[in-house]
Amino acid sequence: MTVDLPQFDGKLVRIVEAGGASYVGRCEYLSDEYNLHEYGHSEPGLMLACFLFYEGDIADVIELEEADGPYRPFSDPYGTLEEEAAEDPDLIDEFLTSEDDDVVVRMLRCLHDCPNLEPGCAPAYRDAVLAQVRELAAATASDAVAREAARLLERWG
């Protein structure tokens, strides 16, 4: 299936990979020239947070309506993208240092439910993540980020 990727730049979308997995987020279109220069791969794609989906790996892209519920603009507190990233401290760092508050808040919500932060589980991982969240809570200007960081730290910190 050929999808006109540039039309989704800046939009809230669900990307369905060729293997069937789906990911939700606000995307950025990256041209084949940009990807060749930055990543050494000449194929256009869509970036969600720090995950790049190349055109050849995308089965479908669905533009989503922004939800008007508690997780606006999303319909869920977090998704598969955050769950997969929560397994890797380097990816957690990418999410928590994003300039997009929605990306940061969704990762904090995911980490709130993350069994890897239970006392005694993966201590180096746990300590590093909680230290980063403490720093984020102290430095953020976003009420939403501060609220979610405090909630996470109340549970795990």
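Before reading on, note that the structure itself is shown above.
A few points on the structure. (Residues numbered from 1 in each chain as written. Predicted model: local features only at pLDDT ≥ 70, side-chain atom pairs only at ≥ 80, totals over all residues. Heavy atoms only, no water.)

Okay, unusual backbone geometry next. Residue Pro-73 follows Arg-72 across a cis peptide bond; omega there is 5°. Along the chain, the position of Pro-73 falls in the loop between strand S5 (58–63) and helix H2 (80–85). Backbone geometry at Ala-49 places phi at a positive 55°, although glycine is not the residue there. Mapped onto the elements of the fold, Ala-49 is located in the loop between strand S3 (45–48) and strand S4 (51–54). (Helix = DSSP H or I, 4+ residues; strand = E, 2+ residues; numbered from the N terminus.)

What follows deals with the sheet that holds S5. The strand order S4-S3-S2-S1-S5 describes an open sheet built from five strands, whose pairing is antiparallel. Edge positions in the sheet fall to S4 and S5, since each has one partner strand and no second. Averaged over all pairs of adjacent strands, the angle between their axes in this sheet comes to 45°, without regard to strand direction. In terms of strand pairing, strand S1 (residues 12–17) meets strand S2 (residues 22–30) through five bridges, oriented antiparallel. Directly across from Ile-15, in S2, lies its bridge partner Tyr-23. (Pairing = 2+ DSSP bridges. Axes fitted to C-alpha atoms, helices over the stretch in contact; angles between N-to-C directions.)

To continue, consider the layout of surface pockets. In this structure, the largest pocket spans a volume of roughly 220 Å³. Taken together, 18 residues form the lining of the largest pocket, with Arg-14, Val-24, Leu-64, Ser-75 and Asp-76 sitting closest to its centre. Of all the secondary-structure elements, those providing two or more residues to the lining of the largest pocket are S1, S2 and H2. Residues that form the lining of the largest pocket fall into these classes: nine nonpolar, four polar and five charged. Estimates place the volume of the second largest pocket at around 150 Å³. Lining the second largest pocket are Gly-10, Arg-26, Cys-27, Glu-28, Met-47, Ala-49, Ser-98, Asp-100 and Val-103. A total of three residues in the lining of the second largest pocket trace back to one element, the largest contributor, which is S2. (1 Å grid on protein atoms, 1.4 Å probe; cavity = no way out; pocket = protein on both sides within 12 Å on 5 of 7 lines; lining within 4 Å. Points joined across faces, edges and corners; volume = space filled by probe spheres on them. Nonpolar A, V, L, I, M, F, W, Y, C, P; charged D, E, K, R; others polar.)

Take the packing of aromatic side chains next. For the structure on display, the rule yields three aromatic pairs. When the centroid spacing of 5.1 Å and the interplanar angle of 40° are considered together, the rings of Tyr-23 and Phe-53 count as tilted. Residue Tyr-23 is located in strand S2, and its partner Phe-53 is located in strand S4; the two are separated by 30 residues in the primary sequence. Centre to centre, the rings of Tyr-34 and Tyr-39 are 6.4 Å apart; their planes meet at 70°, and the pair counts as edge-to-face. According to the relative accessible area criterion, Tyr-39 is partly exposed, its value standing at 41%. Over the ring of Phe-74 we find Arg-106; its NZ or CZ atom is 3.9 Å from the centre of that ring. (Phe/Tyr/Trp six-rings, centres within 6.5 Å; stacked < 30°, edge-to-face > 60°. Buried < 20%, exposed > 50% of the residue type's maximum accessible area, 1.4 Å probe, protein only. Lys NZ or Arg CZ within 6 Å of the ring centre and 35° of its normal.)

A regular strand carries its side chains on alternate faces of the sheet. Count of turn residues in the S1/S2 antiparallel hairpin: four residues, of which Gly-20 carries a positive phi of about 105°. The pairing of S1 with S5 spans five bridges and is classified as antiparallel. In the strand pairing of S5, Val-16 is matched with Asp-60.

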